[in-house]
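Residue-level structural notes
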Amino acid sequence: MKSYCSVLRQQVLVFDQKEGSGLSFSPAEEGIFVVRASDVATQHGLKVGDLIVAIDSVPLAARVCGGQARQEATFHERLRDGAVVDVLEGPAHQTESVNFRCPDCWRGFDSWPPCLQHHLAAWRMERLETEGLPSD
């Protein structure tokens, strides 16, 4: 299921000669989760909870790759310094205390009105994609 409330961005992977990427990964249905990020990796823009959905324009969803084993192999075959990854941003602070959370992107809200606006914006984006723009 596509989430219209997450922010998709491109990121260039940076590897250190001694430390590598400073990241640990885990496969997920829609891509590869970042499960650990060193300070160096975080400085370059990736953080725990981010979901890498493509690497060098190659999709990483398990159903596209042909299963989890092939998904991981596809990712590791292309994992290198300078690889361009498409990233859905994970929640900024998963442990923060908030009153409401989006079930799709886990973004936190202190009050209901901004949470509702967030859901409405995502719903509108989904509707535009499935139904198209209204004609005049």
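Residues numbered from 1 in each chain as written. Predicted model: local features only at pLDDT ≥ 70, side-chain atom pairs only at ≥ 80, totals over all residues. Heavy atoms only, no water.

1. Re the environment of leucine 13
Of note, leucine 13 is situated in the loop between strand 1 (8-12) and strand 2 (23-28). A residue is classified by how much of its surface remains accessible, and leucine 13, at 4% relative accessible area, is buried. Along the backbone, leucine 13 and glycine 82 are 69 residues apart, and their C-alpha atoms lie at a distance of 5.2 Å. Discounting chain neighbours no more than four positions away, the residues touching leucine 13 are Leu23, Leu46, Ile55, Leu79, Arg80, Asp81, Gly82, Ala83 and Val85. (Helix = DSSP H or I, 4+ residues; strand = E, 2+ residues; numbered from the N terminus. Buried < 20%, exposed > 50% of the residue type's maximum accessible area, 1.4 Å probe, protein only. Contact = heavy atoms within 4.5 Å.)

2. Considering the packing of aromatic side chains
Under the criterion given, the structure shown has 1 aromatic pair. Between phenylalanine 25 and phenylalanine 75, the ring centres sit 4.8 Å apart and the planes meet at 75 degrees, which makes this aromatic pair edge-to-face. Pair noted here: phenylalanine 25 is in strand 2 and phenylalanine 75 is in helix 3 (residues 68-78), with a separation of 50 residues, a long-range link. (Phe/Tyr/Trp six-rings, centres within 6.5 Å; stacked < 30°, edge-to-face > 60°.)

3. Let's talk about the pairing of strand 4 (residues 51-55)
Most of strand 4 sits out of view: 5 of its 5 residues are buried. Both strand 4 and strand 6 (residues 84-88) contribute to a ladder of 4 bridges, which runs antiparallel. Opposite isoleucine 55, over in strand 6, you have valine 85 as the bridge partner. Across 2 bridges, the pairing between strand 4 and strand 5 (residues 58-59) is antiparallel. Bridged to isoleucine 55 within strand 5 is valine 58. The hairpin formed by strand 4 and strand 5 contains 2 residues between the paired strands, and aspartate 56 there has a positive phi angle of roughly 50 degrees. (Pairing = 2+ DSSP bridges.)

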